[in-house]
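Residue-level structure breakdown
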Amino acid sequence: MNKRYLYLLLLPGFLFLAAFMLIPIILTIVSTFMPDGSLTLEGYMTFFRDGYFNKILLTTLRVSVVTTLVCVVLGYPAAYYISRAGIRKKSILLALSIFPLLTSPVVRSFSWMIILGKKGLLNTFLMNIGLIQKPLEILYTPVAMMVGLVHLFLPLIIITLLGVMENLDYELVRAARSLGASSFTAFRKIIFPLTVPGLIIGSILVFVGSLTAYTTPALLGGKERVVATFLYQNAMTLNDWQAASVIAVIMIVITFVVVGLMNAWANRLNPKG
């Protein structure tokens, strides 16, 4: 088929994205630099001079980073085990892995509220077996947000890694073992470098999802603010759309910076791609 016709097939999707995503984002960014028609950085300087916003930003980054690390630690071995399982067992495990994605975030968050509350299942169990004397303060803290976000995004990193691991040539591992390499050395030299692309993509999905998540932090965080809930508060409660636009642009910049850093890390670990 002629390349010109192939480009025409892309045109409807491109126009849709340009009209409903690209152009609004550009207008939002421009409005933060020119609120009154003149170029200024005052909107950004106001936020970064505000200790309350800096605290919210640091909390958001901490929650996102920890959530990503926990998802990697839990998801990598799970994906490896599923990739090595038989066809029938793999189907069952994969279905169980993606099941949380089929449940509403609101339902998941309320379930964790029942589990993590002062009189919730976790505190009741720990007090009954004598490990604690008074209920733990878990709900409405960053820890509760991390728990909910891990539950929400762990399937994403498992699915991403599974797609890479299923295409690995395990004959390379057998060859390395036959030449005297230990299991750990074979993993470090062969399996891990080859799975870096999936690991990076999954980590980006989890980090960006955690950075921009609203429902889970709003329900499990209580008065603890993250950037997404702070943006909603400025836009819908305070009706300060200029401040909300600045916050949105800051989130976009953080996303691009993180994606760039992770891609650089991936290229360093696996220069051949």
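About the criteria used
- Residues numbered from 1 in each chain as written.
- Predicted model: local features only at pLDDT ≥ 70, side-chain atom pairs only at ≥ 80, totals over all residues.
- Heavy atoms only, no water.
- UniProt positions renumbered as here; feature names shortened; annotations may be inferred.
- Helix = DSSP H or I, 4+ residues; strand = E, 2+ residues; numbered from the N terminus.
- Buried < 20%, exposed > 50% of the residue type's maximum accessible area, 1.4 Å probe, protein only.
- Axes fitted to C-alpha atoms, helices over the stretch in contact; angles between N-to-C directions.
- Parallel < 35°, antiparallel > 145°, perpendicular 65-115°, else oblique.
- Left-handed = near helix turned anticlockwise from the far one by under 90°.
- Nonpolar A, V, L, I, M, F, W, Y, C, P; charged D, E, K, R; others polar.
- Polar contact = N/O pair within 3.5 Å; in protein donor to acceptor, adjacent residues only side chain to side chain.
- Contact = heavy atoms within 4.5 Å.
- Salt bridge = Lys/Arg side-chain N within 4 Å of Asp/Glu carboxyl O.
- 1 Å grid on protein atoms, 1.4 Å probe; cavity = no way out; pocket = protein on both sides within 12 Å on 5 of 7 lines; lining within 4 Å.
- Points joined across faces, edges and corners; volume = space filled by probe spheres on them.

Taking the UniProt record as the reference, the feature "domain: ABC transmembrane type-1" (unreviewed entry) is found at residues 57–262. The annotated region residues 57–262 carries 79% helix and 0% strand content, and the separation between its end C-alpha atoms amounts to 20 Å.

We now examine the environment of isoleucine 254. Mapped onto the elements of the fold, isoleucine 254 is located in helix 12 (residues 241–269). A relative accessible area of 16% places isoleucine 254 in the buried class. For the pair isoleucine 254 and isoleucine 114, spaced 140 residues apart in the sequence, the C-alpha separation amounts to 33 Å.

For helix 11 (residues 227–237), the full list of buried residues reads Val227, Ala228, Thr229, Phe230, Asn234 and Ala235. After helix 11 finishes, the residue asparagine 239 shows a positive phi value of roughly 60°.

Between helix 3 (residues 51–84) and helix 7 (residues 142–165), the shortest axis-to-axis distance is 6 Å and the interhelical angle comes to 40°. What the angle tells us is that helix 3 and helix 7 run oblique. Judged by the sense of rotation from one axis to the other, the crossing of helix 3 with helix 7 is right-handed. The residue inventory of the contact of helix 3 with helix 7, partitioned by class, reads 23 nonpolar, 4 polar and 1 charged.

To continue, consider the side chain of serine 97. Along the chain, serine 97 turns up in helix 4 (residues 87–98). Polar contacts involving the side chain of serine 97 include one to the main-chain carbonyl oxygen of leucine 93, which spans 2.8 Å. Each residue touching serine 97, except ones within four places of it in the same chain, is listed here: Ile82, Pro155 and Ile158.

Within the structure shown, the criterion is met by 4 salt bridges. Between lysine 90 and glutamate 166 there is a salt bridge; the shortest N-O distance is 3.2 Å. Placement of lysine 90 in helix 4 and of glutamate 166 in the loop between helix 7 and helix 8 (171–178) is noted, with a sequence separation of 76 residues between them. Residue arginine 174 is joined to glutamate 171 by a salt bridge in which the shortest nitrogen-to-oxygen separation is 2.8 Å. Here arginine 174 and its partner glutamate 171 are both found in helix 8, 3 residues apart, which amounts to about one turn of the helix. A relative accessible area of 46% means that arginine 174 is categorised as partly exposed.

Let's shift gears to the layout of surface pockets. Empty space within the largest pocket amounts to approximately 220 Å³. Lining the largest pocket are 13 residues, with Thr68, Leu69, Ser203, Met262 and Trp265 positioned closest to its centre. Counting residues per element, the ones that place at least two in the lining of the largest pocket are helix 3, helix 9 (183–212) and helix 12. Take the lining of the largest pocket: its biggest share by element is 5 residues, from helix 3. Looking at side-chain class alone, the lining of the largest pocket contains 11 nonpolar, 2 polar and no charged residues.

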